[in-house]
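Structural features, examined
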Amino acid sequence: MRYVDTDDIVERDSGRHISDIFAEDGEPAFRELESEAVCKVSKLHNHVIATGGGVVLKESNMTELKRNGIVFCLTATAEEIYRRVGHQTHRPLLQDPDPLAKIQSMLAERQPYYADADHMIRTTGRSFGEIITHIKRVFTKRIRNPK
Ligand SMILES: Nc1ncnc2c1ncn2[C@@H]1O[C@H](COP(=O)(O)OP(=O)(O)OP(=O)(O)O)[C@@H](O)[C@H]1O
Ligand SMILES: O=C(O)C1=C[C@@H](O)[C@@H](O)[C@H](O)C1
């Protein structure tokens, strides 16, 4: 299987960094480019597709991804997300005076959308190996017994 990431496709196709798109054109412009990337990758076969965490906000994105694929939502607590990415400077939505509070409010707002994924995979306190094994098990079961 090959791997693609919608954030990478947006940056490659636009020739700009995501943080610059947010700063210069605003979030709605980024969301348009992100949806174009989702449309492209949704047509691929035999690929692992990583998306930005905000892809769920648009129903049509989820419809496209589910048409041809299985959607896994990798979850983590707000505190864990803060530990992992709170220090990063390339995430425009987290350039906030209180990144932990921002993560908490984004998670609360997005919770109903994340719940629309086919499978939820808890990642807090679990190693990459454990998470991968879990996803592979669910994926194999699902391929053998679709729906
Ligand atoms: N299970 C885990 N345990 C510890 N650290 C993790 C785990 N999963 C991811 N990380 C770390 O969290 C950080 C963010 O992960 P990553 O860049 O993959 O986020 P992402 O899912 O691509 O986010 P987004 O799609 O919003 O950009 C990275 O530094 C990564 O190494
Ligand atoms: O959660 C989000 O809304 C985002 C996540 C990142 O991957 C990027 O797609 C962008 O910074 C927005």
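The present account deals with the structure reproduced in this document.

What counts and what doesn't
Residues numbered from 1 in each chain as written. Chains lettered and ligands numbered in written order. Predicted model: local features only at pLDDT ≥ 70, side-chain atom pairs only at ≥ 80, totals over all residues. Heavy atoms only, no water. Near = heavy atom within 4 Å. Polar contact = N/O pair within 3.5 Å; in protein donor to acceptor, adjacent residues only side chain to side chain. Areas by Shrake-Rupley, 256 points an atom, 1.4 Å probe, with all protein chains shown as cover. Helix = DSSP H or I, 4+ residues; strand = E, 2+ residues; numbered from the N terminus. Nonpolar A, V, L, I, M, F, W, Y, C, P; charged D, E, K, R; others polar. Expected span 1.5 Å × (residues − 1). Buried < 20%, exposed > 50% of the residue type's maximum accessible area, 1.4 Å probe, protein only. Arc of directions from axis to C-beta. Contact = heavy atoms within 4.5 Å. Domains from an automatic or database assignment. Axes fitted to C-alpha atoms, helices over the stretch in contact; angles between N-to-C directions. Parallel < 35°, antiparallel > 145°, perpendicular 65-115°, else oblique. Salt bridge = Lys/Arg side-chain N within 4 Å of Asp/Glu carboxyl O.

All right, on to the site of ligand 2 then. Close to ligand 2 lie Asp 7, Phe 30, Arg 31, Glu 34, Gly 52, Gly 53, Gly 54, Pro 92, Leu 93 and Arg 110. Asp 7 places a side-chain nitrogen or oxygen 2.5 Å from an oxygen atom of ligand 2. Side-chain polar atom of Arg 31 to an oxygen atom of ligand 2: 2.7 Å apart, as the coordinates give it. Here ligand 2 loses 89% of its free accessible area of 310 Å² to cover by the protein chains. The greatest single-element share of the shell around ligand 2, amounting to 3 residues, is contributed by helix α3 (residues 27-42). The class makeup of the residues in the shell around ligand 2 is 3 nonpolar, 3 polar and 4 charged.

Before going further, it helps to examine helix α7 (residues 128-144). The α-helix winds at 3.6 residues per turn, so residues separated by three or four positions along the chain end up facing the same way. Taking 1.5 Å of rise per residue, 17 residues should cover 24 Å, and α7 covers 24 Å from first to last C-alpha, within 8% of that figure. Among all positions in α7, only Ile 131, His 134, Val 138 and Arg 142 are buried. End-on, the buried residues of α7 take up no more than an arc of 65 degrees, which puts them together on one face. Looking at α7, the residues exposed on the side facing more than 90 degrees away from the buried face are Phe 128, Lys 136, Arg 137, Ile 143 and Arg 144.

Relative to the helices and strands, Glu 34 resides in helix α3. The buried category is assigned to Glu 34, whose relative accessible area is 1%. Among all residues touching Glu 34, those that are not within four sequence positions of it are Asp 7, Val 10, Gly 52, Gly 54 and Val 55.

Right, let's talk about the site of ligand 1 for a bit. Taken together, Asp 7, Thr 51, Gly 52, Gly 53, Arg 84, Val 85, Gln 88, Arg 91, Arg 126, Phe 128 and Ile 131 make up the full set of residues near ligand 1. Isolated, ligand 1 exposes 630 Å² of accessible area, and the fraction of that covered by the protein chains is 53%. Contributions of two or more residues to the shell around ligand 1 are made by α5 (78-85) and α7. Of the residues in the shell around ligand 1, the class split is 3 nonpolar, 4 polar and 4 charged. When residues of the shell around ligand 1 are sorted by domain, at least three fall in each of domain 1 (1-68) and domain 2 (70-147).

What follows deals with the packing of helix α1 (residues 6-14) against α3. Axes are the key here: two packed helices are described by the angle between their axes and the distance separating the axes. Two elements in contact, α1 and α3, have axes separated by 9 Å at closest approach and are oriented at 110 degrees. Between α1 and α3, the crossing angle belongs to the class labelled roughly perpendicular. Between α1 and α3, the contacting residues are Thr 6, Asp 7, Ile 9, Val 10, Asp 13 and Ser 14 on the first element and Phe 30, Leu 33, Glu 34, Ala 37, Val 38, Lys 40 and Val 41 on the second. Partitioning the contact of α1 with α3 into residue classes produces 7 nonpolar, 2 polar and 4 charged.

Moving on, we come to the packing of α3 against helix α4 (residues 59-68). Between α3 and α4, the least distance of the axes is 9 Å, while the angle of their chain directions is 10 degrees. Here α4 runs roughly parallel to α3, going by the angle between their axes. Here Ser 35, Val 38, Cys 39 and Ser 42 of α3 come into contact with α4, specifically with Asn 61, Glu 64, Leu 65 and Asn 68. Looking at side-chain class alone, the contact of α3 with α4 contains 3 nonpolar, 4 polar and 1 charged residues.

In total, this model carries 12 salt bridges according to the counting rule given. Close ionic contact of Asp 13 with Lys 40 constitutes a salt bridge, the shortest N to O distance being 2.5 Å. A residue pair is termed long-range when its members are at least 10 positions apart, and Asp 13 in helix α1 and Lys 40 in helix α3 qualify at 27 residues. Of the residues examined, Lys 40 reaches a relative accessible area of 47% and is grouped as partly exposed. Glu 34 is the partner of Arg 31 in a salt bridge, and the nearest nitrogen-oxygen pair spans 2.8 Å. Of the two residues, Arg 31 and Glu 34 are both situated in helix α3; the distance of 3 residues between them amounts to about one turn of the helix. In the salt-bridge network here, residues are joined through shared partners; they are Arg 12, Asp 13 and Lys 40.

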